[in-house]
Amino acid sequence: MEPPLPAAALLLPLLLVPLALLARRRRGRRTPPLRLLVVAGSGGHTTEILRLLSCLSESYSPRHYVFADSDEMSEAKIRSFEQKRAETFSSSQFTLDRIPRSREVRQSWTSSVVTTLYSILYSLPLTYKLKPDLILCNGPGTCVPVCISALLLGLLGIKRAIIVYVESICRVETLSLSGKILYYFSDYFIVQWPDLKEKYPKSVYLGRIV
Amino acid sequence: MKSVFVTVGTTSFDDLIATVCSPAALQVLQNRGYEKLVLQVGRGALKPALHSSPPLAVEAFRFKDSLAEDLRRADLVISHAGAGSCLETLEKGKPLIVVTNEKLMNNHQLELAKQLDRDGHVFCCNCSTLVETLQSMDLSTLKPFSPGQPEKFASFLDKVFGFQ
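Residues numbered from 1 in each chain as written. Chains lettered and ligands numbered in written order. Predicted model: local features only at pLDDT ≥ 70, side-chain atom pairs only at ≥ 80, totals over all residues. Heavy atoms only, no water.

A.B. asks: Account for the overall build of chain A, naming residues and giving values.
C.D. replies: Check the secondary structure of chain A and you find seven helices and seven strands. Reading chain A from its N terminus to its C terminus gives the helix and strand order α-β-α-β-α-β-α-β-α-β-α-β-α-β. A buried classification covers 48% of the 210 residues belonging to chain A. When the accessible surface of chain A is split by element, carbon and sulfur atoms take 65% of a total near 10700 Å². (Helix = DSSP H or I, 4+ residues; strand = E, 2+ residues; numbered from the N terminus. Buried < 20%, exposed > 50% of the residue type's maximum accessible area, 1.4 Å probe, protein only. Areas by Shrake-Rupley, 256 points an atom, 1.4 Å probe, with all protein chains shown as cover.)

See below:
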């Protein structure tokens, strides 16, 4: 029997080209402005992520904020942050969107899986609409379904977003549940304490950044 | 007027409020020259059990939109282990005692409180050792806490995207 070499030789570039293109798009330079999707949510997470945003230039614009629908504090915090920002950058733009919360604190694993799947379904049209270049998140449960829906858009070739995860300052020795999952799916995974950098070699340590 | 501000954040931590309001704790605070005690009690019981004539003026409230003013006025802050409360207090340069809640299991907030204690920025204790801590603490040994540097995050991202 003839070895299937010609077929493989034909198929190989067909496989490699899109992969290489994906890899190039993955970490390539981009032209500003970048559409930024920010996953805010629950308590300290929003405060922390707004601090991260405070030093970003207007190259990261517009900022699309997504947060859990059970979160009552975040919207006010974001609005006041953006109001201040608009004083410096007059053409500053942002949007706010709510999605169902994927996991309440202390919710059981099995029901978490169901609610997370529901959140992913709900997030898909939203990420499709927003088509972010960059997703920034720091650990509220809501960030997992948002990032997974963005990864799905990438796999479908619709839009490949770069995911940057910043673990909360609270996490000194262990990662949050969202962190443990997104360690494998983020492009850049930033931790704020040296112990975590040692345990998770792929992570980036820039010191305390909030 | 030297004052102490106690904060439990958005949760309730009645054990902490009760311990701070115990005759022993109030006595130590008075001995240390504090004259006023302000309590932010969150979802806990609003009226702490006080004996008839406490040696300090005691005020209590549940929540405020911002605790910045209370923190600014305080000479000593006693806080639950919530990251937000701890970091906000340290940024204002106020001496801080973090009281951990033994009743919360697997509480990840403890990681931060213990690290801040190891680095000498706060005194960390629990309700049963609070009075002892108030007695023995030397606030001058606390190390200042330098603010975080979000600009490093911004320059990291700028490098990633080639904006620099």
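A.B. asks: Describe in detail the sheet that holds strand β4 (residues 76–79) of chain B, supporting the description with residues and values.
C.D. replies: Residue and element names in this part refer to chain B. The six strands are arranged β3-β2-β1-β4-β5-β6 in an open sheet whose pairing can be described as parallel. The sheet terminates laterally at β3 (57–61) and β6 (123–126), the two strands that pair on one side only. Pairwise comparison of adjacent strand axes, ignoring direction, gives a mean angle of 20 degrees for this sheet. Here β4 runs beside strand β5 (residues 96–100); their pairing, made up of three bridges, is parallel. Note on β5: the bridge partner recorded for I78 is I97. Set on the sheet, helix α4 (residues 83–91) makes contact with β1 (3–7), β4 and β5; between it and β5 the angle comes to about 170 degrees. (Pairing = 2+ DSSP bridges. Axes fitted to C-alpha atoms, helices over the stretch in contact; angles between N-to-C directions. Contact = heavy atoms within 4.5 Å.)

A.B. asks: So what's going on with the interface of chain A and chain B? Residues and values would help.
C.D. replies: How large an interface is tends to be reported as the accessible area lost when its parts come together. Each partner contributes to the interface: chain A provides 34 residues, whereas chain B provides 28 residues. Taken together, the links from chain A to chain B amount to two salt bridges. The shortest N-O distance in the salt bridge between R51 of chain A and E91 of chain B comes to 2.6 Å. Inspection of the chain A/chain B interface yields nine residue pairs in polar contact (both at pLDDT 80 or more). Grouping the constituent residues of the side of chain A that touches chain B by class yields 21 nonpolar, five polar and eight charged. (Salt bridge = Lys/Arg side-chain N within 4 Å of Asp/Glu carboxyl O. Polar contact = N/O pair within 3.5 Å; in protein donor to acceptor, adjacent residues only side chain to side chain. Nonpolar A, V, L, I, M, F, W, Y, C, P; charged D, E, K, R; others polar.)

A.B. asks: Before we move on, could you go through the UniProt feature "transmembrane region" (unreviewed entry) in chain A and cite the residues and values that matter?
C.D. replies: All names here are of chain A. The residues that UniProt annotates with the feature "transmembrane region" (unreviewed entry) are residues 6–23, 108–127 and 139–158. As annotated, residues 108–127 comprises 95% helix and 0% strand, and the C-alpha atoms at either end are separated by 27 Å. In residues 139–158, the share of helix is 65% and the share of strand is 0%. The end C-alpha atoms are 25 Å apart. (UniProt positions renumbered as here; feature names shortened; annotations may be inferred.)

A.B. asks: Explain the nonpolar core residue by residue, including any values.
C.D. replies: Core analysis: the largest hydrophobic core is formed by 54 residues, its most contacted members being L53, V164 and I190 of chain A together with F153 and L157 of chain B. Among the elements that line this core, the one with the most residues is helix α7 (residues 150–160) of chain B, at five residues. In contact with L157 of chain B, other than residues within four places in its own chain, are L56, Y60, L134 and V164 of chain A. Listed in part, the 29 residues of the second largest apolar core include C21, L76, I97 and L134 of chain B. (Core = buried A, V, L, I, M, F, W, Y, C linked by side-chain atoms within 4.5 Å.)

A.B. asks: Tell me what's going on with the environment of L134 of chain A, and back it up with residues and numbers.
C.D. replies: One can find L134 of chain A in strand β4 (residues 134–137). L134 of chain A sits in the buried class, given a relative accessible area of 0%. Expressed as a C-alpha distance, the spacing of L134 of chain A and R35 of chain A, which sit 99 residues apart in the sequence, is 6.4 Å. The residues touching L134 of chain A, leaving out its near neighbours within four places in the chain, are R35, L36, L37, Y60, I162 and V164 of chain A together with L157 and F161 of chain B.

A.B. asks: Which residues make up α4 of chain B, and what values go with them?
C.D. replies: All names here are of chain B. Taken as a whole, α4 has its buried residues at A83, S85, C86, L87, T89 and L90. Of the surrounding elements, those touching the buried residues of α4 are β1, α3 (68–73), β4, β5 and α5 (109–118). G93 sits one or two residues past α4 and shows a positive phi near 70 degrees.

A.B. asks: Can you break down the sheet that holds strand β3 (residues 94–99) of chain A residue by residue, with the values?
C.D. replies: Spatially, the seven strands line up as an open sheet ordered β3-β2-β1-β4-β5-β6-β7 (chain A), and their pairing is parallel. Of all the strands in the sheet, the pair left with one neighbour each is β3 and β7 (204–205) of chain A. Inspection of the sheet shows β4 of chain A paired to strand β5 (residues 162–166) of chain A by four bridges, in the parallel sense. When the bridges of β5 of chain A are listed, L136 of chain A appears paired with V164 of chain A. Packed on one face of the sheet, helix α3 (residues 74–88) of chain A meets β2 (60–68) and β3 of chain A and runs near 165 degrees to β2 of chain A. α7 of chain B contacts β2, β4, β5, β6 (188–191) and β7 of chain A of the sheet and is inclined by roughly 165 degrees relative to β6 of chain A.

A.B. asks: Describe the side chain of S3 of chain B, and please don't skip the residues or the numbers.
C.D. replies: Residues and elements named next belong to chain B. As for its position among the elements, S3 is in strand β1. Note on S3: relative accessible area 8%, which makes it buried. Beyond its immediate chain neighbours, meaning those up to four positions away, S3 contacts Y34, K36, R73, A74, D75 and L76.

A.B. asks: Mind laying out the packing of α4 of chain B against α5 of chain B, listing which residues take part and the relevant values?
C.D. replies: Residue and element names in this part refer to chain B. At a minimum axis separation of 10 Å, α4 and α5 run at an interaxial angle of 25 degrees. What the angle tells us is that α4 and α5 run roughly parallel. Where α4 abuts α5, its residues A83, C86, L87 and L90 lie against Q109, L112 and L116. When its residues are assigned to classes, the contact of α4 with α5 shows six nonpolar, one polar and no charged. (Parallel < 35°, antiparallel > 145°, perpendicular 65-115°, else oblique.)

A.B. asks: Outline the pattern of salt bridges, listing residues and values.
C.D. replies: Across all of its chains, the model carries 16 salt bridges over all chains by this definition. The partner of R85 of chain A in a salt bridge is E58 of chain A, and the shortest N-O contact between them spans 2.9 Å. One end of the pair, R85 of chain A, is in helix α3; the other, E58 of chain A, is in the loop between α2 (44–54) and β2, with 27 residues separating them in the sequence. By relative accessible area, R85 of chain A is classed as buried at 6%. Linking E69 of chain B and R72 of chain B is a salt bridge whose minimum nitrogen-to-oxygen distance equals 2.6 Å.

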